[in-house]
Protein chains: 2
Amino acid sequence: MGIKSSPSGVGGIQFKFSQASTTVYFDASFTQLGSLADKKNTIIVTDENIFAAHTAKLKGWKTIVLKAGEEYKVQATADDIIHQLIQLEADRKTTLVGMGGGVITDITGYVASVYMRGIAFGFIPTSLLAMADASIGGKNGIDAGVYKNMVGIIRQPNFLLYDVNLLKSLPDAEWQNGFAEIIKHASIKDAAMFSLLEKNDLGTFQKNKKLIAALVERNARIKIKVVQNDEFEKGERKLLNYGHTLGHALENQYQLSHGHAVSIGMAYAAEISRQLTGFTQTERLVKVIHQYGLPAFTKFDKEKVFAVLKMDKKRERKDISYILLEKIGKGVIKSIPLKQLEIIINKFKVPLVGTGI
Amino acid sequence: MGIKSSPSGVGGIQFKFSQASTTVYFDASFTQLGSLADKKNTIIVTDENIFAAHTAKLKGWKTIVLKAGEEYKVQATADDIIHQLIQLEADRKTTLVGMGGGVITDITGYVASVYMRGIAFGFIPTSLLAMADASIGGKNGIDAGVYKNMVGIIRQPNFLLYDVNLLKSLPDAEWQNGFAEIIKHASIKDAAMFSLLEKNDLGTFQKNKKLIAALVERNARIKIKVVQNDEFEKGERKLLNYGHTLGHALENQYQLSHGHAVSIGMAYAAEISRQLTGFTQTERLVKVIHQYGLPAFTKFDKEKVFAVLKMDKKRERKDISYILLEKIGKGVIKSIPLKQLEIIINKFKVPLVGTGI
């Protein structure tokens, strides 16, 4: 199937970044945490759903349990974690471990980066999205109002522990969210993986532990490599925002799941690509998006969404860095004047005229 | 007087740190800011006192004006600044300039480090304390409850602009606060500067612009050098905490000024030094402390203060790194078991028996 079997194991693989290294334990088990971090000096941050699903596993570990949901990825939750850390007498020798989806890893990494000016932290991603994408790359942060990830910091975790057994209890909707990022990686970087996705569907991956572990590792390695090349997002790393510019603007205006927002964002970015780079494979992309249960083109309030979009972190004065496709497997960064983008977006019609969709 | 005249000027001197450089403009003027940062892409963060004192100078600059005082160095103020930055459409090309005392530079640096995952920032210190100490070294952050600087990040400012004319309107109490840190630098690192302080007093420095500019530069260079050697406080930088361990614990329990808290902290640290390193110059230190209008030994609630002190960031499990003096001009880092420290503190009496004070 084109996926190399994992060469990893108990030992972990060290990936170097500009200021720190992350040791990644692919295809590992939660129980290994005991050998990575001692219970006395470790605090696990998780949410009430994960805690309920894994109470037995978490026995004996100090935990901070948050309410579940993106709406809690805000400063008030960070304040609450800090308050609990003080009560638990956490100090500079303490390691924080974020166990959960992207919300948990983002906020845990953020708090660990600022508590006592920075303590050690690691992640145990429990969702497909966090495994394939969100837990990797050191972007930690919170939302501010409707602005996603407006506040944060780039700092790499000390370790990443992958246990695909944790996906067992993951709802289908969450699998779909994960596949939005996997389709993104394939679209911008890996045409062979895109073909692999075309040949399979959600069910195949859900049923086959080996297949999903290999897919997770393949995606993690794509993302790690991009981040290693450009940790502070001066160039190549921007590619990972494919589908995310419009996606983020939609996400908080419409309370969409991240996966749905990104898949819609990818579809529209493909349409913008058609106009600006001559991209011709929108139909193929939309077919895969639907194959993994995700939405493509949908109506939205263009004015409201554009008002948020123009505050995107990728804006620089009058232009915005937008990620487009030249072909499947090759993303490009294009600086588009906001005025031009506004005109293109205002002309969007569903169904899109001339795309065959 | 042993102080070299400043070799600096309009050009600025670049000091390299591990991850970034700071350009320092010693003995400069506020008006130079125009050549360092363009008005369109710059936002000055200041407090209402500084704003009132320098309204004319600030004309034409975008400003965020905060309430004055350490009690506002909290997350709620950071949230407020972030909210205003969004409203001002600040983006990754924006430079934040903190113009004020340590509270302003600390919180400005902190917000600049996390807004959009980090934007450029510079400082224009307006108090002696900020000039000689607080604005240097990249420690940015906020307080959490009674715990000072519990949340923050180490990141160096892009520039530091020194204009001693800004000290003109500084109240005497603030001059004293600044001298607490200057006495600290002299005590741990510079016996010659200690002698210089002994030979002069507050009035001499307040009256002589050249003398104070040179003293500010001498102190800034001491601190910069220590930070360059040990930016992330694994060793030498801890020396700068002389007087601050007990000082911080006192400061928020008793609403003391930072300078008063530190001078009391230095006096007691000298007494602890007498017991643990054989330090014999406590009287000389206390004399200089009083010479600059600062308090030395005072009574405090030992139990309450120790409860805060043991949560100090320099605690590591059962021990705490305490900064002591071997002699004037030579500070040392000593790891003291918390239990032992508690016993020593509980035996403190005012006036101190056997110290001649």
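Residues numbered from 1 in each chain as written. Chains lettered and ligands numbered in written order. Predicted model: local features only at pLDDT ≥ 70, side-chain atom pairs only at ≥ 80, totals over all residues. Heavy atoms only, no water.

A. Examining the overall build of chain A more closely. Secondary structure assignment for chain A yields 14 helices and 12 strands. Expected size for 357 residues packed as a compact globule is a radius of gyration near 21 Å; at 20 Å, chain A falls within 12% of this value. Oriented by its inertia axes, the alpha-carbon framework of chain A measures out at about 60 × 45 × 35 Å. Long-range contacts, defined here as pairs at least 24 residues apart, represent 70% of the contacts in chain A between residues at least 6 apart. Looking at chain A as shown, the accessible area adds up to about 13,800 Å², and 50% of this sits on carbon and sulfur atoms. Taking the average place of the 47 positive charges on the side chains of chain A and the average place of its 35 negative ones, the gap between the two points comes to 4 Å. (Helix = DSSP H or I, 4+ residues; strand = E, 2+ residues; numbered from the N terminus. Rg over C-alpha atoms; globule rule 2.2 N^0.38 Å. Contact = heavy atoms within 4.5 Å. Areas by Shrake-Rupley, 256 points an atom, 1.4 Å probe, with all protein chains shown as cover. Lys, Arg positive; Asp, Glu negative; His and termini not counted. Charge placed at Lys NZ, Arg CZ, Asp CG, Glu CD.)

B. Seen up close, the nonpolar core. Grouped together as the largest cluster of nonpolar side chains are 212 residues, with contacts concentrated most on Tyr115, Phe179 and Ile212 of chain A together with Tyr115, Phe179 and Ile212 of chain B. Beyond its immediate stretch of four places on either side in the chain, Ile212 of chain B contacts Leu128, Val164, Leu167, Trp175, Phe179 and Phe205 of chain B. (Core = buried A, V, L, I, M, F, W, Y, C linked by side-chain atoms within 4.5 Å. Buried < 20%, exposed > 50% of the residue type's maximum accessible area, 1.4 Å probe, protein only.)

C. Up close: helix H15 (residues 338-347) of chain B. Residues and elements named next belong to chain B. Where H15 is concerned, the buried positions are Leu338, Leu341, Ile344 and Ile345. Around the axis of H15, the buried residues are gathered within 120 degrees of arc, so they sit on the same side. When the buried face of H15 is taken as reference, the exposed residues oriented beyond 90 degrees from it are Lys339 and Lys347. The inward-facing, buried residues of H15 abut helix H12 (258-276), helix H14 (302-309), strand S10 (315-316), strand S11 (319-327) and strand S12 (330-337). (Arc of directions from axis to C-beta.)

D. Broad picture of the interface of chain A and chain B. Contacts between the two partners involve 36 residues from chain A, matched on the other side by 36 residues from chain B. Buried area between chain A and chain B, both sides added, is near 3,500 Å², and the carbon and sulfur share of it is 55%. Sorting the residues of chain A by area buried against chain B places Arg117, Lys313 and Arg317 of chain A first, and these three jointly supply 22% of that buried surface. In this structure, the connection of chain A to chain B is made through five residue pairs in polar contact (both at pLDDT 80 or more). The element contributing the most residues to the side of chain A that touches chain B is strand S8 (residues 147-154) of chain A, with seven residues. Across the side of chain A that touches chain B, the residue classes tally to 14 nonpolar, eight polar and 14 charged. (Buried area = accessible area lost by both parts, 1.4 Å probe. Polar contact = N/O pair within 3.5 Å; in protein donor to acceptor, adjacent residues only side chain to side chain. Nonpolar A, V, L, I, M, F, W, Y, C, P; charged D, E, K, R; others polar.)

E. Highlighting the packing of aromatic side chains. Residues and elements named next belong to chain B. Enumeration over the complete set of coordinates arrives at 16 aromatic pairs over all chains. Ring geometry for Tyr268 and Phe300: centres 5.5 Å apart, planes at 90 degrees, overall edge-to-face. Placement of the pair is Tyr268 in helix H12 and Phe300 in the loop between helix H13 (282-291) and H14, with a sequence separation of 32 residues. For Tyr268, a relative accessible area of 1% corresponds to the buried category. By relative accessible area, Phe300 is classed as buried at 12%. (Phe/Tyr/Trp six-rings, centres within 6.5 Å; stacked < 30°, edge-to-face > 60°.)

F. Just the sheet that holds strand S9 (residues 159-161) of chain A, in detail. Residues and elements named next belong to chain A. Spatially, S1-S2-S9-S6-S5-S3-S4 is the arrangement adopted by the seven strands of the open sheet, whose pairing is mixed. Two strands bound the open sheet, and with one partner strand each, they are strand S1 (13-16) and strand S4 (62-66). Strand-to-strand, the axes of this sheet are offset by a mean angle of 20 degrees, without reference to chain direction. Bridge count between strand S6 (residues 120-125) and S9: two bridges; the pairing is parallel. Each residue of the ladder has a partner; that of Gly122, found in S9, is Phe159. Here helix H3 (residues 75-87) sits on the sheet in contact with strand S3 (42-47), S4 and strand S5 (95-100), set at roughly 160 degrees to S4. On top of the sheet, helix H9 (residues 209-229) reaches S1 and strand S2 (21-25); it is set at about 30 degrees to S1, its chief contact. (Pairing = 2+ DSSP bridges. Axes fitted to C-alpha atoms, helices over the stretch in contact; angles between N-to-C directions.)

G. Inspection of the pattern of salt bridges at higher detail. Residue and element names in this part refer to chain A. Tallied over the entire structure, the rule returns 28 salt bridges over all chains. When the shortest N-O distance is used, the salt bridge between Lys223 and Asp133 registers 2.6 Å. Separated by 90 residues along the polypeptide, Lys223 in helix H9 and Asp133 in helix H5 (residues 128-134) bring together distant segments of the chain. The buried category is assigned to Lys223, whose relative accessible area is 7%. Residue classification places Asp133 among the buried residues on the basis of a relative accessible area of 7%. A salt bridge links Arg218 to Asp190, with the shortest nitrogen-to-oxygen separation between them at 2.9 Å. Of this pair, Arg218 sits in helix H9 while Asp190 sits in the loop between helix H6 (172-189) and helix H7 (191-199), placing them 28 residues apart in sequence. Take Arg218: its relative accessible area is 16%, and that puts it in the buried class. (Salt bridge = Lys/Arg side-chain N within 4 Å of Asp/Glu carboxyl O.)

H. Highlighting unusual backbone geometry. Residue and element names in this part refer to chain A. Even without glycine at this site, Glu233 takes up a positive phi of about 55 degrees. One non-glycine residue, Gln255, lies in positive phi territory at about 55 degrees. Mapped onto the fold, Gln255 is located in the loop between helix H10 (244-254) and helix H11 (258-276).

I. Representation of the confidence of the model for chain A in the model. Residues and elements named next belong to chain A. Of all residues in chain A, 95% attain a pLDDT of 70 or more, and the chain-wide mean is 92. Contacts of residues 1-9 to residues separated by more than four positions or lying in other chains number 20 contacts, the stretch itself having pLDDT below 50. At the level of chain-chain contacts, confidence expressed as ipTM amounts to 0.86, with global pTM at 0.88. (pLDDT = per-residue confidence, 0-100.)

J. Inspection of the environment of Tyr254 of chain B at higher detail. Residue and element names in this part refer to chain B. In this fold, Tyr254 is placed in helix H11 (residues 244-254). Sequence separation of Tyr254 and Phe300 is 46 residues, and the distance between their C-alpha atoms is 8.7 Å. Excluding residues within four positions of it along the chain, Tyr254 makes contact with Phe300, Asp301 and Val305.

K. A look at the side chain of Asn149 of chain B. Here Asn149 of chain B is to be found in strand S8 (residues 147-154). Asn149 of chain B sits in the buried class, given a relative accessible area of 9%. Discounting chain neighbours no more than four positions away, the residues touching Asn149 of chain B are Arg117 of chain A together with Lys73, Asp106, Ile142, Asp143, His248 and Lys313 of chain B.

L. Region of interest: a positive patch on the surface. Positive charge collects at one region of the surface, where Lys40 and Lys62 of chain A together with Lys310, Lys318 and Lys339 of chain B lie side by side. If you trace the backbone, Lys339 of chain B turns up in helix H15. The exposed category is assigned to Lys339 of chain B, whose relative accessible area is 65%. (Patch = residues over 30% accessible without salt bridge, like charges linked within 9 Å, V, L, I, M, F, W, Y side chains within 5 Å.)

M. Structural context of the relation of the copies chain A and chain B. Expressed as a screw transformation, the operator carrying chain A onto chain B has a rotation angle of 180 degrees and an axial translation of 0.0 Å, and the superposed copies differ by an RMSD of 0.0 Å. The transformation just described matches what one would write down for a two-fold rotation axis. When the interface residues of chain A are mapped onto chain B, 100% of them are again interface residues, pointing to one common binding face. (Least-squares fit on C-alpha atoms with pLDDT ≥ 70 in both.)

N. A look at the pairing of S4 of chain A. Alignment of S3 of chain A against S4 of chain A, held across five bridges, turns out to be parallel. Residue Ile43 of chain A lies in a different strand from S4 of chain A, and its bridge partner there is Lys62 of chain A.

O. Main features of a negative patch on the surface. On the surface, Asp79 and Asp80 of chain A together with Asp79 and Asp80 of chain B cluster together to form a negatively charged patch. Elements supplying a minimum of two residues to the negative patch: H3 of chain A together with helix H4 (75-87) of chain B. By the secondary structure assignment, Asp79 of chain B is in helix H4.

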